[in-house]
Amino acid sequence: MIGKNIIKKEEIPGVVVRETLEEFSQDYELNYEQNVTLNHLARFPRYSAEDTEKIIEELESKIGLRHKVAVHIVDLIPQDLSDLRLIFAKEPTQISKEEMEQILEILNQYFTDE
């Protein structure tokens, strides 16, 4: 991309991306990549934007997770400990089984099957 510079790099949840693309599509036509992204994000169940923000804050404050990991957990919605282990497989610091169970409890508080 000629003439474009990265100003800021930050992990953002999929629900925020979906909402942003939906708002953008009301005024402008989406390009191919944006359409593919929107279709992918609409396919899977997600937490609401408010719940996503609360969950990320809880994961960062109670468990001490990095923002990047908390966003991945919220986007992937792990169902059990094996799913969580896959998320933490490449993380430099490992967390205990009790902390993983706490993460699942936090996620289950907010998850509603639509």
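Please refer to the structure higher up on the page.
Keep in mind that what you see is a predicted model, and the values were worked out from it rather than measured. (Residues numbered from 1 in each chain as written. Predicted model: local features only at pLDDT ≥ 70, side-chain atom pairs only at ≥ 80, totals over all residues. Heavy atoms only, no water.)

A.B. asks: Hey, could you run me through the overall build of the protein in this one?
C.D. replies: For the protein, the count of helices and strands is 6 helices and 0 strands. Starting at the N terminus and walking to the C terminus, you meet the elements of the protein as α-α-α-α-α-α. Overall, the protein is about 45 × 35 × 20 Å in size when its C-alpha atoms are taken along their principal axes. The 114 residues of the protein split such that 33% are buried. Surface summary for the protein: the accessible area is close to 8,400 Å², and the carbon and sulfur share equals 49%. Computing the positive centroid from 13 side-chain charges and the negative centroid from 24, the protein places the two 6 Å apart. (Helix = DSSP H or I, 4+ residues; strand = E, 2+ residues; numbered from the N terminus. Buried < 20%, exposed > 50% of the residue type's maximum accessible area, 1.4 Å probe, protein only. Areas by Shrake-Rupley, 256 points an atom, 1.4 Å probe, with all protein chains shown as cover. Lys, Arg positive; Asp, Glu negative; His and termini not counted. Charge placed at Lys NZ, Arg CZ, Asp CG, Glu CD.)

A.B. asks: It is not clear to me how the packing of helix H5 (residues 81–88) against helix H6 (residues 97–110) should be interpreted in this structure. Could you clarify?
C.D. replies: The relative placement of two packed helices is expressed as an angle between their axes plus a distance between the axes. Two numbers describe how H5 lies on H6: the axes approach to 10 Å, and their chain directions differ by 110°. When the axes of H5 and H6 are compared, the pair comes out roughly perpendicular. Residues Leu81, Leu84, Arg85 and Phe88 of H5 touch H6, and the partners they reach there are Lys97, Met100, Glu101, Ile103 and Leu104. Tallied by class, residues from the contact of H5 with H6 come to 6 nonpolar, no polar and 3 charged. (Axes fitted to C-alpha atoms, helices over the stretch in contact; angles between N-to-C directions. Parallel < 35°, antiparallel > 145°, perpendicular 65-115°, else oblique. Contact = heavy atoms within 4.5 Å. Nonpolar A, V, L, I, M, F, W, Y, C, P; charged D, E, K, R; others polar.)

A.B. asks: What am I meant to see in the pattern of salt bridges here?
C.D. replies: Pairing is possible between side chains that carry opposite charge, provided their charged atoms lie close to one another. Within the structure shown, the criterion is met by 4 salt bridges. Of the charged contacts in the structure, one is a salt bridge between arginine 18 and glutamate 22, with a shortest N-O distance of 3.9 Å. Taken together, the positions of arginine 18 and glutamate 22, both in helix H1 (residues 14–27) and 4 residues apart, correspond to about one turn of that helix. Where lysine 62 meets glutamate 58, a salt bridge forms, and the shortest distance between an N and an O atom there is 3.2 Å. Of the two residues, lysine 62 and glutamate 58 both sit in helix H3 (residues 49–63), 4 residues apart, roughly one turn of that helix. (Salt bridge = Lys/Arg side-chain N within 4 Å of Asp/Glu carboxyl O.)

A.B. asks: Even after reading the chapter, I still don't get helix H2 (residues 32–43), so can you show me in this structure?
C.D. replies: In an α-helix, one turn spans 3.6 residues; hence positions three or four apart end up facing the same way. Under the 1.5 Å per step criterion, the end-to-end length of H2 is 17 Å for 12 residues, consistent within 8% with the ideal 16 Å. The N-cap residue of H2 is asparagine 31: its side-chain oxygen and the backbone nitrogen of glutamate 33 are 3.2 Å apart. (Expected span 1.5 Å × (residues − 1). Polar contact = N/O pair within 3.5 Å; in protein donor to acceptor, adjacent residues only side chain to side chain.)

A.B. asks: Got a minute to help me understand the side chain of arginine 18 in this structure?
C.D. replies: Exposure remark for arginine 18: the relative accessible area of 19% places this residue in the buried category. Each residue touching arginine 18, except ones within four places of it in the same chain, is listed here: Leu38, Leu41, Ala42 and Arg46.

A.B. asks: Which parts of the structure should I look at to understand the environment of arginine 85?
C.D. replies: Structurally, the position occupied by arginine 85 is in helix H5. Between the C-alpha atom of arginine 85 and that of lysine 97, which follows or precedes it by 12 residues, the distance is 9.3 Å.

A.B. asks: Whenever I open this one, H6 confuses me. Can you help?
C.D. replies: The end-to-end C-alpha separation of H6 is 21 Å, in line with the 20 Å expected for 14 residues at 1.5 Å each. Listed in full, the buried residues belonging to H6 are Met100, Ile103, Leu104, Ile106, Leu107 and Tyr110. The buried residues of H6 occupy an angular sector of 160° when the element is viewed end-on, so they sit on one face. With respect to the buried face of H6, the exposed residues turned more than 90 degrees away are Glu98, Glu105, Asn108 and Gln109. Buried residues along H6 sit against H3, helix H4 (67–76) and H5. (Arc of directions from axis to C-beta.)

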